[in-house]
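Spelled out from the first residue to the last, the chains are:
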Amino acid sequence: MATSPKKETPADSTGVLQETPTSAAAEHGDHDRIVMASRRADGSMDQVSPEFIGDKATVLEAAKHQLGQQAASAVDTAARGVTSSPDGAGDSEPDAEVKALRDAQEKAVQTAEEKAAAEVEQLHQGLGD
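Rules used throughout
Residues numbered from 1 in each chain as written. Predicted model: local features only at pLDDT ≥ 70, side-chain atom pairs only at ≥ 80, totals over all residues. Heavy atoms only, no water. Helix = DSSP H or I, 4+ residues; strand = E, 2+ residues; numbered from the N terminus. Buried < 20%, exposed > 50% of the residue type's maximum accessible area, 1.4 Å probe, protein only. Contact = heavy atoms within 4.5 Å. Areas by Shrake-Rupley, 256 points an atom, 1.4 Å probe, with all protein chains shown as cover. Axes fitted to C-alpha atoms, helices over the stretch in contact; angles between N-to-C directions. Left-handed = near helix turned anticlockwise from the far one by under 90°. Nonpolar A, V, L, I, M, F, W, Y, C, P; charged D, E, K, R; others polar. Salt bridge = Lys/Arg side-chain N within 4 Å of Asp/Glu carboxyl O. Expected span 1.5 Å × (residues − 1). Core = buried A, V, L, I, M, F, W, Y, C linked by side-chain atoms within 4.5 Å. pLDDT = per-residue confidence, 0-100. Polar contact = N/O pair within 3.5 Å; in protein donor to acceptor, adjacent residues only side chain to side chain.

1. Considerations on the overall build of the protein
Step number 1: Within the protein one finds three helices and two strands.
Step number 2: In the protein, the succession of helices and strands from N to C terminus is α-β-β-α-α.
Step number 3: Classification of the 129 residues of the protein by burial places 23% in the buried group.
Step number 4: Contacts in the protein between residues far apart in sequence, at least 24 positions, make up 63% of those at least 6 positions apart.
Step number 5: Surface summary for the protein: the accessible area is close to 9,800 Å², and the carbon and sulfur share equals 52%.

2. Some thoughts on the packing of helix H2 (residues 56–78) against helix H3 (residues 96–123)
Step number 1: Remark: H2 packs on H3, axes separated minimally by 7 Å, with the N-to-C direction vectors making an angle of 145 degrees. The crossing of H2 and H3 is right-handed.
Step number 2: Among the residues making up the contact of H2 with H3, the classes are represented as 15 nonpolar, two polar and seven charged.

3. Here we look at the pattern of salt bridges
Step number 1: Applying the stated criterion across every chain yields a total of five salt bridges.
Step number 2: Here Lys-56 and Glu-121 are joined by a salt bridge, their closest N and O atoms 2.8 Å apart. With Lys-56 in helix H2 and Glu-121 in helix H3, this pair connects stretches of sequence that are 65 residues apart.
Step number 3: With a relative accessible area of 33%, Lys-56 lands in the partly exposed category.
Step number 4: On the basis of relative accessibility, which here comes to 55%, the residue Glu-121 falls in the exposed class.

4. A few points about H3
Step number 1: The end-to-end C-alpha separation of H3 is 40 Å, in line with the 40 Å expected for 28 residues at 1.5 Å each.
Step number 2: For H3, every residue scored as buried is listed here: Leu-101, Gln-105, Ala-108, Ala-112, Ala-116, Glu-119, Val-120 and Leu-123.
Step number 3: Of the surrounding elements, those touching the buried residues of H3 are strand E2 (51–52) and H2.

5. Here we look at the nonpolar core
Step number 1: In terms of nonpolar packing, the biggest core is built from 15 residues, with Met-45, Phe-52 and Val-120 touching the most fellow members.
Step number 2: Among the secondary structure elements, those contributing two or more residues to this core are H2 and H3.
Step number 3: For this core, the element with the most residues is H3, which contributes six residues.

6. Topic: the confidence of the model for the protein
Parts of the prediction with low pLDDT should not have their coordinates interpreted in detail.
Step number 1: Taken over all residues, the pLDDT of the protein has a mean of 75, while the share at 70 or more is 65%.
Step number 2: Least confident of the elements in the protein is helix H1 (residues 23–27), whose mean pLDDT is 60; most confident is H3, at 89.

7. Regarding the side chain of Gln-66
Step number 1: By the element assignment, Gln-66 lies in helix H2.
Step number 2: Note on Gln-66: relative accessible area 16%, which makes it buried.
Step number 3: At 2.4 Å, the side chain of Gln-66 forms a polar contact with the backbone oxygen of Ala-37.
Step number 4: Discounting residues that sit within four places of it in the chain, Gln-66 has contacts with Met-36, Ala-37, Ser-38 and Arg-39.

8. Brief notes about unusual backbone geometry
Step number 1: Here the phi dihedral of Ser-49 falls at roughly 40 degrees; this positive angle occurs in a residue that is not glycine.
Step number 2: Assignment of secondary structure puts Ser-49 in the loop between strand E1 (33–34) and E2.

Laid out in structure tokens, this is it:
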């Protein structure tokens, strides 16, 4: 039985595989399939044309939690002047600055969760099967 020799391809040939990803790939339809987004400091997604996959309820909960935590952290960062006593002494009611900070955090978390819900609703593509 005769066999044909294996076809060798030169090491420097341009084939289907891309050894080093380039930004040009993103311009030609590449995109990221994600369950949870990576975020920039401003809260925007750090993916290329993201597509949420997986169970929608799980994706939504992850996005809400992630953006909520980031929003609360941003409020803390903006209000670095607020401190607490090291020994924890004081009355059980927070002072006005702490209450205002907590209220601002809760509002930021609510806004972030609404943003997460909108992102997931817009970009969710099913279970990724």
